[in-house]
Amino acid sequence: MSETAGTAPAAPAAQDSVALVEVALRRDAEDELGKLREKFTLDEVVYLDGNSLGALPAHVPARMADVLTREWGELRIRSWDESGWWTAPERIGDRLAPLVGAAPGQVVVGDSTSVNVFKAVVGAVRLAGDDRDELLVDATTFPTDGYIAESAARMTGRRVVVVDPADMADAAGPRTSAALVNHVDFRTGRLQDLPGITAALHAAGALAVWDLCHSAGALPVGLDAHGVDLAVGCTYKYLNGGPGSPAYLYVAERHQAAFDSPLPGWNSHADPFGMTPGYRPADGARRGRVGTPDILSMLALEAALDVWEGVSVDAVRAKSLALTDFFLECVRAYVPAGRVESLTPAPHAERGSQVALRCAEAPAVMAECIRRGVVGDLRRPDVLRFGFTPLYVGFADVERAARVLAEVLADIPAEVPAG
Ligand SMILES: Cc1ncc(COP(=O)(O)O)c(C=O)c1O
């Protein structure tokens, strides 16, 4: 890597490899969370893409077979009551709440993250009042948040101000209604200062809306402790809910009575089965619902959350940092100098649960890593992303991933800069 350009060996040295394999074996043997891996359906592949799609918890297919054959196949419409389908969005929201540091009654599951960004941003702008005409948006945001914030601002007569998260606290002022910030940067893995930015927004009289897609399930979030106003997140990454599993919306209890959803569907009506023409919002987290919940995906998520029983998020965070530290150490030892540059901050306080490496030959390198059984992903044009899910990734996986990366780089020549 660039920090070690002068010291890194030209190719993996055998003695480094032996030493690091030994370290990996020892750390796996000491790892309290290591036994959780058997709760997942995994094979010999080193799966470092759980920050995109989490692995399948092994018991979920049997639960889904029951949902399909008995709850849907036999009970049919009775399941809305008898199988608890109707209340699933709030029930699963409460199940997920401790993972993001929320007390019960504030999280509702449903819709995509994109749709929840819309609800949260418009809701926040309306809560802030009409004399605040600016909406701050994280300059490094995942694109969907930026697109939706821009549309939400147009619809509500606000102006989007794009701000680097590091400057968010200074940018907040009397005109700021709210800021939409990603807790962890999807590209670099940088962890933003949620407590500090939230406090600065509050000091300016503005609301904080956080996107937790890349932090929930990987590190403590502390929504209640830090006074976050609204938050959204997906469940298919570190929460292993499955492809397209429903997202969630957090509205802090103190805002719920005034939360004015821009998508007031019949599911969030105070009396949904009254079928009346006028809208009257439900109380509590249910106000964040829109229409009929996607029950199959939702119940797969509910089952997937079983793997968290008895697991502490602090222990997950400690292992996540140990894994990313060890990966960076192995990359430093194995990868020839100058071939990759880490975009992921070195300080723990600024790091999520992924490592992003800039590499000129990234597309070819990632394709070959995947072919050789190390699955990360690519963010074009030149970023190799490796996500570390502490529930099922071990230290031997990490060592192997770095070793395979070095071997691939040895086989794919560095591009000669033009000119
Ligand atoms: C930070 C972040 N926000 C939003 C999204 C989009 O979520 P969805 O496709 O569920 O709307 C993603 C997807 O990966 C993401 O990483």
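Residues numbered from 1 in each chain as written. Predicted model: local features only at pLDDT ≥ 70, side-chain atom pairs only at ≥ 80, totals over all residues. Heavy atoms only, no water.

## A closer look at empty space enclosed by the protein
Logical step 1: Applying the stated rule across the entire model yields one cavity of 30 Å³ or more.
Logical step 2: In this structure, the largest cavity encloses a volume near 30 Å³.
Logical step 3: If you trace the largest cavity, you find it lined by R37, L42, V45, V46, Y47, Y392, V393 and D397.
Logical step 4: Tallied by class, the residues present in the lining of the largest cavity amount to six nonpolar, no polar and two charged. (1 Å grid on protein atoms, 1.4 Å probe; cavity = no way out; pocket = protein on both sides within 12 Å on 5 of 7 lines; lining within 4 Å. Points joined across faces, edges and corners; volume = space filled by probe spheres on them. Nonpolar A, V, L, I, M, F, W, Y, C, P; charged D, E, K, R; others polar.)

## A closer look at the packing of helix α1 (residues 14-30) against helix α11 (residues 313-334)
Logical step 1: At a minimum axis separation of 10 Å, α1 and α11 run at an interaxial angle of 170°. Judged by the inter-axis angle, α1 sits roughly antiparallel to α11. Judged by residue contacts, D16, S17, L20, V23, A24 and R27 of α1 engage A322, F326, E329, C330, A333 and Y334 from α11.
Logical step 2: Across the contact of α1 with α11, the residue classes break down as eight nonpolar, one polar and three charged. (Axes fitted to C-alpha atoms, helices over the stretch in contact; angles between N-to-C directions. Helix = DSSP H or I, 4+ residues; strand = E, 2+ residues; numbered from the N terminus. Parallel < 35°, antiparallel > 145°, perpendicular 65-115°, else oblique. Contact = heavy atoms within 4.5 Å.)

## Description of the environment of T87
Logical step 1: Its location among the elements puts T87 in the loop between α3 (79-82) and α4 (88-96).
Logical step 2: Each C-alpha atom, one on T87 and one on M168, is 38 Å from the other, the two residues being 81 residues apart in sequence.

## Some remarks on the state of the cysteines
Logical step 1: Considering all chains together, one arrives at zero disulfides under this definition.
Logical step 2: C213 supplies the cysteine sulfur nearest to C234, a cysteine that is in no disulfide, at a spacing of 3.7 Å.
Logical step 3: There is no disulfide at C359, and the cysteine sulfur nearest it, in C369, is 8.8 Å away. (Disulfide = S-S within 2.5 Å.)

## Details of unusual backbone geometry
Logical step 1: The omega angle of the peptide bond from R380 to P381 is 5°, so this bond is cis rather than trans.
Logical step 2: With respect to the helices and strands, the residue P381 is situated in the loop between β12 (377-379) and β13 (383-387).
Logical step 3: With a phi close to 65°, D111 is a non-glycine residue in the positive phi region.
Logical step 4: Owing to a relative accessible area of 33%, D111 belongs among the partly exposed residues under this scheme.
Logical step 5: For M275, which is not glycine, the phi dihedral falls at a positive 50°.
Logical step 6: Checked against the element boundaries, M275 lands in the loop between α9 (253-256) and α10 (295-304).
Logical step 7: Overall, M275 belongs to the exposed group, its relative accessible area being 56%. (Buried < 20%, exposed > 50% of the residue type's maximum accessible area, 1.4 Å probe, protein only.)

## A word on the domain arrangement of the protein
Logical step 1: Taken domain by domain, the protein holds domain 1 (2-58 + 312-411) and domain 2 (86-292).
Logical step 2: Placing a centre on the C-alpha atoms of domain 1 and another on those of domain 2 gives a separation of 31 Å.
Logical step 3: Facing 30 residues of domain 1, the contacting portion of domain 2 comprises 20 residues.
Logical step 4: Summing both sides of the interface, domain 1 and domain 2 together bury roughly 1,900 Å²; the carbon and sulfur share of this comes to 56%.
Logical step 5: Taken together, the connections running from domain 1 to domain 2 amount to one salt bridge.
Logical step 6: Across the pair R190 and E350 runs a salt bridge whose closest N-O atoms are separated by 3.0 Å. (Domains from an automatic or database assignment. Buried area = accessible area lost by both parts, 1.4 Å probe. Salt bridge = Lys/Arg side-chain N within 4 Å of Asp/Glu carboxyl O.)

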